[in-house]
Every structure is written in structure tokens, then in C-alpha cells.
Amino acid sequence: MEQLYQVNLELGNPEPKNAVKYLEFVIASVRARNGKVIKAWHGNNETESHGALKMPIRNALKRLKRQGRINFFICSEQYSEEDEASRYLIDKFPLAKEKDADWGRRYDTYVMICL
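Residues numbered from 1 in each chain as written. Predicted model: local features only at pLDDT ≥ 70, side-chain atom pairs only at ≥ 80, totals over all residues. Heavy atoms only, no water.

1. Here we look at the sheet that holds strand β2 (residues 37-41)
- Here we have four strands laid out as an open sheet, ordered β1-β2-β4-β3, and mixed in their pairing. Among the strands making up the open sheet, the edge pair consists of β1 (4-8) and β3 (72-75). Between one strand axis and the next, the sheet turns by 20° as a mean value, whatever way the strands run.
- The sheet contact formed by β3 and strand β4 (residues 110-114) spans four bridges and is antiparallel. Across the sheet, the residue bridging to I74 is M112, located in β4.
- Relative to β3, helix α2 (residues 54-66) is tilted by about 155°, and along the sheet it contacts β3 and β4.
- Helix-sheet contacts for helix α3 (residues 84-92) involve β2, β3 and β4, and the interaxial angle to β3 is about 120°. (Pairing = 2+ DSSP bridges. Helix = DSSP H or I, 4+ residues; strand = E, 2+ residues; numbered from the N terminus. Axes fitted to C-alpha atoms, helices over the stretch in contact; angles between N-to-C directions. Contact = heavy atoms within 4.5 Å.)

What follows is the structure, given as C-alpha cells:
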């Protein structure tokens, strides 16, 4: 069965550029293991990073998508049954729902990344 890889980008309260570099490392590492889905926490204004990582991480993911280094990503506020991309992800990789306790809660603290 596929594994849902998870990473907390807030650990240690890194600078945004360091969190982005770490996420790029995680993506490369998961891809090397033939992983397909990553749940990456970036936090919001109520968490350890106070939201400092949210936009830099999401902007980096947009860049990685344009470069073809990821297929797509879903921001957690849209990650639910009503969202077409979310339904596609869980149809293709059921673990993205089965292994995610936050499914459908619409928190704005993480992204789901499909490689």
C-alpha cells in the first residue's frame, strides 16, 4: 500500500527560505522512494510560525508545478469532498483520505502535494 508522507515545516521555527529548501529536499526524497503524496504543514497565524511560512511555501509549490517537479497541490482549505482536485487525489490515492485525520476539516495549515 502507498504511504502518505508527512512533514512539519514549522519544526524549529525556520526562516521561510529554509523551510522552502527543506520542502524541496523532502519532495526529492519522497520521489526517490517512489512516493506519490506528501502532506506538508506550513502553519498559520495561530501556530508556531505565526503564518510566516504559508505564502512562501505555497508560492514555491506554484513554481515547482510550473517547472514540472510536482503534478499539483491542494491547499487544506479546499481539501474536501466538494473540491474536484481533492476527489481526484483520493480516487487515485485513497490513502490521502484514509491516513489523514484532517480530511475535510478545511484547516488552512497544510498542503497536500501530488508528485
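Back to the text.
2. Observations concerning unusual backbone geometry
- Here N13, not a glycine, exhibits a phi torsion of approximately 50°, which is positive.
- Within the element layout of this structure, N13 appears in the loop between β1 and α1 (16-32).
- N13 sits in the partly exposed class, given a relative accessible area of 43%.
- In this model, N34 sits at a positive phi of 65°, which is unusual for a non-glycine residue. (Buried < 20%, exposed > 50% of the residue type's maximum accessible area, 1.4 Å probe, protein only.)

Function-wise, these values are silent; they only describe arrangement.
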